[in-house]
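# Structural characterization, general
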Amino acid sequence: MRNRIKNLREDHDYTQQNIADAIGITQRKYSYIETGTQPLTDEILVRLSQFYQVSIDYLLYQTDRPQRYP
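The present account deals with the structure reproduced in this document. (Residues numbered from 1 in each chain as written. Predicted model: local features only at pLDDT ≥ 70, side-chain atom pairs only at ≥ 80, totals over all residues. Heavy atoms only, no water.)

## Structural notes on the nonpolar core
Counting 16 residues, the largest nonpolar core has Ile23, Ile25, Tyr30, Leu40, Ile44, Leu48 and Leu59 as the members making the most contacts within it. Listing elements by their share of this core, those giving two or more residues are helix 1 (2-11), helix 2 (16-23), helix 3 (27-35), helix 4 (42-52) and helix 5 (56-59). For this core, the element with the highest residue contribution is helix 4, accounting for four residues. (Core = buried A, V, L, I, M, F, W, Y, C linked by side-chain atoms within 4.5 Å. Buried < 20%, exposed > 50% of the residue type's maximum accessible area, 1.4 Å probe, protein only. Helix = DSSP H or I, 4+ residues; strand = E, 2+ residues; numbered from the N terminus.)

Right under this line is the structure:
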């Protein structure tokens, strides 16, 4: 799961600080989430899903289709 989040960030050429600012957390907390040190909460999952416009299932490796559900 953490790799998908990191891959999305890198694919969009964002820094950890960019994402942290966009979802309202510190860069350090985002770094911990990306490395698996900090648990990924429901709230953060929703924020990441909204930011990247991908489904939560995609972030959780439940599907390989990034599209959000209508």
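## Notes on the environment of Tyr32
Among the secondary structure elements, Tyr32 is positioned in helix 3. Residue classification places Tyr32 among the partly exposed positions, given a relative accessible area of 34%. Sequence spacing of Tyr32 and Phe51 is 19 residues, and the spatial spacing of their C-alpha atoms is 19 Å. Apart from residues no more than four positions distant in its own chain, Tyr32 is found in contact with Thr37 and Gln38. (Contact = heavy atoms within 4.5 Å.)

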